[in-house]
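Overview (structure and organization)
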Amino acid sequence: MSWASAPEPEDGYAGYYGYGEYDMSHTGDPRQDMEYERHYAGHSYIVPEVIKNFLVYFQKVINQRDLLEIQNSYENGFNKLTDRFFKNTAWPEAEVVAPIVGNDKRFLILYKELYYRHVYARLQGGPSLSQRFDSYFNYCDLFNYILNADGPVPLELPDQWLWDIVDEFIYQFQSFSIFRHKSPSKKTEDEIELLKVNPKMWNVHSVLNVLHSLVDKSNINKQLEVYTSGGDPDSVAGEFGQHSLYKMLGYFSLVGLLRLHSLLGDYYQALKALENIDFNKKSLYSRVPACQITTFYFVGFAYMMMRRYQDAIRTLSNILLYIQRTKTMFQNKTQLYDQISKTNDQMYTLLSMCLVLYPMRIDESVHSHLREKYQDKMNKMQRGDMAEFETCFAFACPKFLSPVPPNYELENTAKSKEPFTLQLHVFKVEVAQQIQVPTIRSYLKLYTTLPIAKLAAFMDMSDDELCTQLMCFKHKMKNLVWTKGTSGLDGEFQSASEVDFFIDKDMIHIADTKVARRYGDFFIRQFHKFDEIMRSLKTT
Amino acid sequence: MAEAMRATVASLLKGIERYNPENLVNLQRYVDMQANENTYDLEANLAVLKLYQFNPNLYQAEVTAVILLKALTNLPHSDFILCKCMIEPGRLLEEPVAKVLVLAELLETANFNEFWITLMKDLDPLVEGIVGFEDSIRKFVCHVVASTYSTIRKDKLRQLLGNVTEAQASQWVSKYGWTEQLDGYVFIANQDETIRTKNITEKISFDSVAAIMASGR
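Residues numbered from 1 in each chain as written. Chains lettered and ligands numbered in written order. Predicted model: local features only at pLDDT ≥ 70, side-chain atom pairs only at ≥ 80, totals over all residues. Heavy atoms only, no water.

Where an unreviewed UniProt entry is consulted, chain B appears under the name Eukaryotic translation initiation factor 3 subunit K, with the organism given as Elysia chlorotica. Turning to chain B, the UniProt annotation filed under Subunit (unreviewed entry) states: "Component of the eukaryotic translation initiation factor 3 (eIF-3) complex." Its UniProt record gives chain B a comment under Subcellular location (unreviewed entry), which states: "Cytoplasm". (UniProt positions renumbered as here; feature names shortened; annotations may be inferred.)

Per an unreviewed UniProt entry, the recorded name for chain A is Eukaryotic translation initiation factor 3 subunit L, and the organism is Elysia chlorotica. Recorded in UniProt under Subunit (unreviewed entry), the annotation for chain A is "Component of the eukaryotic translation initiation factor 3 (eIF-3) complex." Of chain A, the UniProt comment under Subcellular location (unreviewed entry) reads exactly: "Cytoplasm".

What follows is the structure, encoded as structure tokens:
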């Protein structure tokens with residue numbers, strides 16, 4: 001595979017990736033120089049006792065494969081120490097930490113993963129270009145270690161960490177692509193030079209290669225197939241796939257592919273990556289909330305772009321309900337909570353757009369929240385306000401990427417925004433084609449039969465034009481809807497439009513759907529809640 | 001021939017092979033085959049567009065136009081949108097892709113009369129090269145007509161199908177099991193069955209209250 005930069009074993013990679021080709025001495029760029037100084041000053045940096053103890057303990061539990069303690073150190077220990085010592089600075093460099101942990105290569109790779117993640121998240125100005133490259137090498141090391149071993153590696157990590165690794169890997173790729181496309185005036189000459197001589201760094205093929213390798217190694221697709229048909233996934237998992245590390249990495253890589261393909265505008269491949277996952281079953285991913293939320297967000301978005309509004313609405317309502325019910329769990333994890341709040345708002349915006357284009361019944365609690373916060377926006381969109389559609393789309397859409405490097409010389413801000421403008425354009429064209437539909441619908445709601453000529457007069461168009469509009473209405477409202485099977489791509493054409501009609505000669509016959517208020521569900525839920533409270537009171 | 005290729009192509013699209021630009025030659029040939037033999041393979045065509053996205057220097061406007069036209073033959077599926085999302089905006093303004101976009105807009109807004117007029121006006125050699133293109137579009141027209149009308153004037157139907165002859169129109173009518181009435185109307189179906197005012201009242205199943213009743217003992 002000469003055309004894809006596959007991660008290579010450690011001794012070969014130095015030359016392959018051109019690691020030795022750039023050096024970190026004084027470059028004239030203040031950020032890089034500061035780093036250089038810290039790199040050398042770091043050797044004299046005294047690591048506080050409490051940090052030393054933590055690192056040694058962390059290393060011990062990882063080597064002992066004590067999953068519970070690893071999770072504790074990962075979620076609580078590391079974050080508490082970050083808040084106390086490294087709120088806005090980086091943790092000690094790996095070189096400084098190395099002697100403390102006896103130069104344990106594996107631990108240092110994991111440590112660096114956390115180190116760079118922290119740099120991306122908390123450091124002012126974000127990572128420098130050389131830090132981006134270093135982080136990339138570290139990921140190569142990590143995935144080499146996991147993938148190129150003869151047998152499954154003796155490592156166990158909590159699911160949350162595994163998800164965070166895949167999530168962060170794609171996030172850093174995203175960040176790099178956006179950085180790469182920034183205008184030349186925002187980059188230094190050295191940076192531009194470095195970018196030009198290292199085209200394989202954070203190359204889209206490498207990222208795809210990693211994700212596909214993790215998927216293949218774990219046989220996750222076969223495992224999921226067998227799991228959905230009620231069989232034992234271990235029977236097809238193969239040597240590596242039986243281990244939780246590989247299985248979960250494989251699973252999370254599928255979600256990673258969903259995300260990556262969506263960022264590149266390939267919604268078909270995005271949904272295809274998840275074709276063996278049945279969303280209506282409570283399965284593997286439920287344990288990591290961030291993974292579930294990411295999955296549903298991208299699935300909902302893909303469905304919306306494919307004009308499968310009913311599926312989009314159903315997907316988004318499900319996850320929004322889930323977030324509503326589990327919000328209390330995230331209160332104490334602020335970073336996670338912020339992330340989820342933002343995605344929550346984005347999904348509500350997407351849902352409001354879909355409901356304007358395709359009104360249908362949804363869950364009461366989701367609907368009432370929409371009415372509270374988004375009614376204004378929805379009214380504007382219903383009246384055909386294109387600008388409102390644009391604003392909503394711009395807020396709710398993911399940060400689209402271009403897979404190819406730009407021309408570094410040219411100052412071309414339009415080109416850097418191109419991925420976004422393309423997706424926005426496709427969406428706008430689709431909306432413009434349907435712009436008359438809400439108005440027609442509001443007229444149809446008022447009648448049971450209506451002559452074509454009369455409606456044409458209301459709409460201020462000729463009879464023929466109206467017939468075209470009515471056919472367009474029918475075409476747009478007949479969505480492909482998922483009914484069975486695991487693949488999200490399957491479906492049958494259905495029309496669940498609130499208002500439906502047909503034309504008999506020159507008369508329009510209208511069928512309205514009247515929905516009675518649902519009380520039963522609400523009361524039943526309250527009964528169960530009280531029951532639980534009573535039960536817990538009795539036992540205390 | 002295209003059918004035989006389908007299996008070979010499927011293996012080219014597995015996993016990481018999908019992104020190998022060396023496959024482009026075969027995949028482009030496969031697109032041509034689809035056009036000549038009236039077959040359709042969405043995944044293979046999307047793979048071609050993806051390879052163009054990753055390797056913009058290998059982009060070919062002609063192949064893209066054929067892919068887009070084939071996507072139109074699969075209406076009402078939204079294949080066309082999926083394809084458009086992977087083409088660089090600049091390319092969308094070039095011919096012959098721009099012309100295909102115009103045709104697509106007319107079809108998506110059910111503006112069938114305009115569509116046939118535009119098609120006849122510049123009968124592109126590209127469109128001519130796609131076997132069965134017009135018939136696929138007519139299939140789509142009938143699909144939309146069938147869901148919209150219960151009875152439609154025969155001459156209107158003829159117009160929507162592209163000003164076909166009486167005989168051809170009758171062929172389409174019988175193909176879908178519609179009946180020609182004596183008053184010049186074509187009867188499609190009794191839509192009353194499917195499109196009826198619905199009153200959705202709440203149904204509370206026994207299962208959901210069973211748990212409550214059990215705990216209320």
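Turning our attention to the packing of helix α11 (residues 220–228) of chain A against helix α12 (residues 234–241) of chain A. Packed helix pairs are specified by the crossing angle of their axes together with the interaxial distance, meaning the distance between the axes. All names here are of chain A. At a minimum axis distance of 8 Å, the contact between α11 and α12 shows a crossing angle of 155°. When the interaxial angle is binned, α11 and α12 end up roughly antiparallel. Along this stretch, α11 crosses α12, giving a crossing that reads as left-handed. Mapping the contact onto sequence places Lys-222, Gln-223 and Val-226 in α11 and Ser-235, Val-236, Ala-237 and Gly-241 in α12. Looking at the contact of α11 with α12 residue by residue, the class counts come to three nonpolar, three polar and one charged. (Axes fitted to C-alpha atoms, helices over the stretch in contact; angles between N-to-C directions. Helix = DSSP H or I, 4+ residues; strand = E, 2+ residues; numbered from the N terminus. Parallel < 35°, antiparallel > 145°, perpendicular 65-115°, else oblique. Left-handed = near helix turned anticlockwise from the far one by under 90°. Contact = heavy atoms within 4.5 Å. Nonpolar A, V, L, I, M, F, W, Y, C, P; charged D, E, K, R; others polar.)

Another aspect to go through is the packing of aromatic side chains. Residue and element names in this part refer to chain A. This model, assessed by the stated rule, comprises 42 aromatic pairs over all chains. Relative to Tyr-246, the ring of Phe-240 lies with its centre 5.1 Å away and its plane at 75°, an arrangement referred to as edge-to-face. Given a relative accessible area of 2%, Tyr-246 falls into the buried group. An aromatic cluster of three or more residues is present, and its members are Phe-54, Phe-58, Tyr-74, Phe-78, Phe-85, Phe-86, Trp-91, Phe-107, Tyr-111, Tyr-115, Tyr-116 and Trp-161. Sitting above the plane of the Phe-179 ring, Arg-132 keeps its charged end 4.7 Å from the centroid. (Phe/Tyr/Trp six-rings, centres within 6.5 Å; stacked < 30°, edge-to-face > 60°. Buried < 20%, exposed > 50% of the residue type's maximum accessible area, 1.4 Å probe, protein only. Lys NZ or Arg CZ within 6 Å of the ring centre and 35° of its normal.)

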